[in-house]
Amino acid sequence: MLGDGAEVPDLPPAATKADTEFEKAEGEFAEAVEVCQDKLLAIDNANSGVINAAEQLRAKIEKNDFQLDSKKEVKKIAQARKILCAAIDERIKDSKAIDKAIGELTKHLSQLAKYKA
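Given the structure is predicted, the values throughout are model-derived calculations rather than measurements. (Residues numbered from 1 in each chain as written. Predicted model: local features only at pLDDT ≥ 70, side-chain atom pairs only at ≥ 80, totals over all residues. Heavy atoms only, no water.)

Draft legend 1. The pattern of salt bridges, seen in detail. Taken as a whole, this structure holds seven salt bridges when the rule is applied. With its nearest N and O atoms 3.8 Å apart, the salt bridge here joins K96 to E55. In this pair, K96 is assigned in helix α2 (residues 74–114) and E55 in helix α1 (residues 13–63), connecting sequence segments 41 residues apart. According to the relative accessible area criterion, K96 is partly exposed, its value standing at 46%. As a salt-bridge pair, K76 and E73 come within 3.6 Å of each other at their nearest N and O atoms. Taking the relative accessible area as the measure of exposure, K76 reaches 52% and is therefore exposed. Sharing partners across several salt bridges, the network here consists of R58, E62 and D89. (Salt bridge = Lys/Arg side-chain N within 4 Å of Asp/Glu carboxyl O. Helix = DSSP H or I, 4+ residues; strand = E, 2+ residues; numbered from the N terminus. Buried < 20%, exposed > 50% of the residue type's maximum accessible area, 1.4 Å probe, protein only.)

Draft legend 2. Inspection of the environment of I77 at higher detail. Here I77 shows up in helix α2. With residues up to four places along the chain from it excluded, the contact list for I77 reads N64, D65, F66, L68, D69 and S70. (Contact = heavy atoms within 4.5 Å.)

Draft legend 3. Quick peek at the environment of A59. Along the chain, the position of A59 falls in helix α1. Using a relative accessible area of 33% as the deciding quantity, one classes A59 as partly exposed. Between the C-alpha atom of A59 and that of K17, which follows or precedes it by 42 residues, the distance is 63 Å.

Draft legend 4. Looking closely at the side chain of S95. When you line up the elements, S95 lands in helix α2. In this view, S95 contacts N47, V50 and I51; residues no more than four positions away in its chain are not counted.

So, in structure tokens, the structure goes:
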């Protein structure tokens with residue numbers, strides 16, 4: 001194509017060095033994505049545990065009379081249940097919002113894991 005005697009110049013050392021650095025960075029990036037996926041799974045599992053525990057606690061509170069006389073202290077028991085259940089419901093709501101965010105992050109990390117230069 002170029003003819004007899006044509007020479008293609010060697011790659012400059014800077015290009016070879018840049019390629020080596022890119023390959024190293026790409027490998028480190030893939031490792032970092034994997035670590036993030038593992039950490040995200042751990043927080044997802046922990047958050048699920050929080051939701052389950054809060055729901056179990058709520059079920060106990062709904063039936064509990066707090067060792068009060070359930071016939072004489074109906075109003076106090078109902079008020080305590082209402083306050084405690086509201087606080088638990090707020091925690092469950094927050095944890096479910098976290099769960100949704102974790103789902104979104106998982107999707108984004110999956111896309112990053114598929115990234116190829």
